[in-house]
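A look at the structure
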Amino acid sequence: MPLSALHILNFRNIESAELALHPRVNLFYGENGAGKTSILEAISVLGRGRSFRSHKLKPLIQQGSTGVTVFGKLSGDDGVVRKLGVERNSRSADSFRLDGQSVPSAAELAKILPLQAIFSETFELLVGGPLERRQFLDWLVFHVKHEFLPAWRQARQALKQRNSLLRSGRISADLLAPWDIELARNAETLHLLREEVFTLFNQELALLLQDLPALSSVTISYFGGWEEGVSLAEILQLNFARDGQLGHTSAGPHRADLRLRLGKMPAAEVLSRGQQKLFVCALRICAGRVFKQLTGKDCIYLIDDLPSELDEEHRLRLAKWLIELDSQVFITGVSRKDLESVWDLLAVPRKVFHVEQGSVTATPINND
Ligand SMILES: Nc1ncnc2c1ncn2[C@@H]1O[C@H](COP(=O)(O)OP(=O)(O)OP(=O)(O)O)[C@@H](O)[C@H]1O
């Protein structure tokens, strides 16, 4: 369901902005520091409870203010309307609201407002550590498999307890046993769900990249976080002494990863920077495609400073993928001309906003 309205209060340099949005393409242009990324961050806070750029709350709250508020209205073609609200305050706990009712966590909002963000750090997906790739896969698993979140929370809790015992030095197999059982049980569930979703994802990625030979030769494999063919329960027992020395659990679902290779080499060492960026965009588009196939719903794309990240040919490719997906997109850029050129070329209806010192104004476009 697309976001039809957005109301932002005291968010970084935006004191107040009320936007009526286009159901498909929304472009934001303006000088450096104008507040373009802040608009995408506000949408991210609405859908995830946090910004894609910073986990910390404090930098988001406008200087001199005590809290930020973001409201959004989602409107479906069938006339269904959902209202989301997030208030983040430096003094009290975060408040998440859905259709006027308080909800316990941002996960409830994420189900209604599924988001994919593409920004400069996203392009580190190939070269960065496993955490980003694991979070990338888990986004899709969370959205398409309802069993995922409870298993993930229980595994995280068991891991926390196990690590705290390991660190305390009071370790005996008896003390660890209940947490080993809990961790291993949930880990097997997470592994099966991740593996199943990854298989679908990989098939879809091959289709998406079939006419891009340089990228379609990249192979991706899923690593569950411990040795294949052995149960995690056995591994935890085998690693007992080692984990004790390390003070943490060395194998488990928290070590899962996606391994991207081109021939025998890590893909990041062979692909050019431009190819890497397009490949990361393809991964994110593919996640949206699988999400749509399995749920019948669309996810929303937030894309920060696109013209500085991709050249025009790659921007055109990304725009075509987004159009095929029929997703609502929010894209920022400094120059209006660079930002609009591919959408002009493809004659795509859209809304263009000018952002200037924290104020946001809808502007007429050529075909208005
Ligand atoms: N907590 C805050 N209170 C007030 N102003 C802030 C706060 N945090 C950041 N700012 C300012 O708000 C603006 C936010 O910039 P933002 O990153 O959204 O700009 P942008 O238009 O995306 O710029 P660029 O093109 O450089 O990426 C900056 O000018 C920054 O100095």
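Residues numbered from 1 in each chain as written. Predicted model: local features only at pLDDT ≥ 70, side-chain atom pairs only at ≥ 80, totals over all residues.

A look at the overall build of the protein
Broken down by element type, the protein carries 13 helices and 15 strands. By the compact-globule yardstick of 21 Å for 368 residues, the protein fits well, its C-alpha radius of gyration being 22 Å. Reported as C-alpha extents along the three principal axes, the dimensions of the protein are approximately 70 × 55 × 40 Å. When the 368 residues of the protein are sorted by exposure, 38% land in the buried category. Put simply, 72% of the contacts in the protein that link residues at least 6 apart link residues at least 24 apart. (Helix = DSSP H or I, 4+ residues; strand = E, 2+ residues; numbered from the N terminus. Rg over C-alpha atoms; globule rule 2.2 N^0.38 Å. Buried ≥ 20, exposed ≤ 12 C-beta atoms within 10 Å, placed from the backbone. Contact = placed C-beta atoms within 7 Å.)

Here we look at the sheet that holds strand 3 (residues 25-29)
Within the open sheet, the 6 strands sit side by side as 8-12-13-3-14-15. Their pairing is mixed. Edge positions in the open sheet fall to strand 8 (115-118) and strand 15 (359-363), since each of these has one partner strand only. On average, each strand axis in the sheet is tilted by 20° relative to the strand beside it, whichever way the strands run. For strand 12 (residues 300-303) and strand 13 (residues 329-333), the ladder comprises 3 bridges, and the chain directions are parallel. Pairing of Ile-303 across the sheet is with Ile-331, part of strand 13. (Pairing = 2+ DSSP bridges. Axes fitted to C-alpha atoms, helices over the stretch in contact; angles between N-to-C directions.)

A short note on the environment of Arg-53
Mapped onto the secondary structure, Arg-53 falls in the loop between helix 1 (36-48) and strand 4 (67-75). Under the C-beta neighbour-count criterion, Arg-53 is labelled partly exposed, with 18 such atoms within 10 Å. Measuring from C-alpha to C-alpha, the distance between Arg-53 and Leu-98 comes to 24 Å, with 45 residues separating the pair along the chain.

Considering the site of the ligand
Around the ligand lies a shell of 18 residues, among which Asn-13, Asn-32, Gly-33, Thr-37 and Ser-38 are the nearest. Counting residues per element, the shell around the ligand draws most heavily on helix 1, at 3 residues. Among the residues forming the shell around the ligand, the class breakdown is 5 nonpolar, 10 polar and 3 charged. (Near = placed C-beta within 6 Å. Nonpolar A, V, L, I, M, F, W, Y, C, P; charged D, E, K, R; others polar.)

Some words on the UniProt feature "binding site: ATP" (unreviewed entry) in the protein
The UniProt entry lists Gly-30, Glu-31, Asn-32, Gly-33, Ala-34, Gly-35, Lys-36 and Thr-37 under the feature "binding site: ATP" (unreviewed entry), expressed in the numbering used here. Take Gly-30: it is sitting in the loop between strand 3 and helix 1. With residues near it in sequence (within four places) discarded, Gly-30 still touches Lys-36, His-354, Val-355 and Glu-356. Relative to the assigned elements, Asn-32 resides in the loop between strand 3 and helix 1. Using a count of 7 C-beta atoms within 10 Å as the deciding quantity, one classes Asn-32 as exposed. (UniProt positions renumbered as here; feature names shortened; annotations may be inferred.)

Let's talk about the packing of helix 3 (residues 130-144) against helix 10 (residues 273-295)
Angle between the axes and distance between the axes: these two values describe a pair of packed helices. Here helix 3 crosses helix 10 at 10°, and the two axes come no closer than 10 Å. On the basis of their axis angle, the class for helix 3 and helix 10 is roughly parallel. Residues Phe-136, Trp-139, Leu-140, His-143 and Val-144 of helix 3 touch helix 10, and the partners they reach there are Leu-283, Ala-287, Val-290, Phe-291, Leu-294 and Thr-295. (Parallel < 35°, antiparallel > 145°, perpendicular 65-115°, else oblique.)

A word on helix 4 (residues 148-168)
Between its terminal C-alpha atoms helix 4 stretches 30 Å, which fits the 30 Å expected from 21 residues at 1.5 Å a residue. Taken as a whole, helix 4 has its buried residues at Ala-151, Ala-155, Ala-158, Leu-159, Arg-162 and Leu-166. Summarising the axial view, the buried residues of helix 4 lie within an arc of 105°, below the 170-degree limit, and thus occupy one face. More than 90 degrees from the buried face of helix 4, the exposed residues found are Pro-150 and Ser-168. Looking at the buried side of helix 4, the elements it contacts are helix 5 (173-208) and helix 8 (240-246). In the stretch just after helix 4, Gly-169 is the one whose phi turns positive, near 85°. (Expected span 1.5 Å × (residues − 1). Arc of directions from axis to C-beta.)

What about the packing of helix 10 against helix 12 (residues 312-325)?
Packing of helix 10 against helix 12 leaves a shortest axis separation of 10 Å and a crossing angle of 0°. Taken together, the axes of helix 10 and helix 12 are roughly parallel relative to one another. Mapping the contact onto sequence places Gly-274, Lys-277, Leu-278, Cys-281, Ile-285, Gly-288, Arg-289 and Lys-292 in helix 10 and His-314, Arg-317, Leu-318, Trp-321 and Leu-325 in helix 12. Per-class residue counts for the contact of helix 10 with helix 12 are 6 nonpolar, 3 polar and 4 charged.

Things to note about helix 5
In a regular helix each residue adds 1.5 Å, so 36 residues correspond to 52 Å; helix 5 covers 49 Å between its end C-alpha atoms and thus fits that length. Taken as a whole, helix 5 carries its principal kink of about 30° at Trp-179. (Bend = angle between axes of the 7 residues up to and from the residue.)

As for the UniProt feature "domain: RecF/RecN/SMC N-terminal" (unreviewed entry) in the protein
Those residues carrying the UniProt feature "domain: RecF/RecN/SMC N-terminal" (unreviewed entry) are residues 3-347 in this numbering. As annotated, residues 3-347 has a helix share of 48% and a strand share of 21%, and its two end C-alpha atoms lie 22 Å apart.

Some words on unusual backbone geometry
The backbone phi angle of Asp-326 is positive, close to 65°, even though this residue is not glycine. Secondary-structure assignment places Asp-326 in the loop between helix 12 and strand 13.

A look at the pairing of strand 4
Note: strand 1 (residues 3-11) against strand 4, 6 bridges, orientation antiparallel. When the bridges of strand 4 are listed, Ala-5 appears paired with Lys-73. Relative to strand 5 (residues 81-89), strand 4 runs antiparallel, the two being bridged by 9 bridges. Pairing of Gly-67 across the sheet is with Asn-89, part of strand 5. The antiparallel hairpin formed by strand 4 and strand 5 contains 5 residues in its connecting segment, where Gly-79 sits at a positive phi of about 85°.

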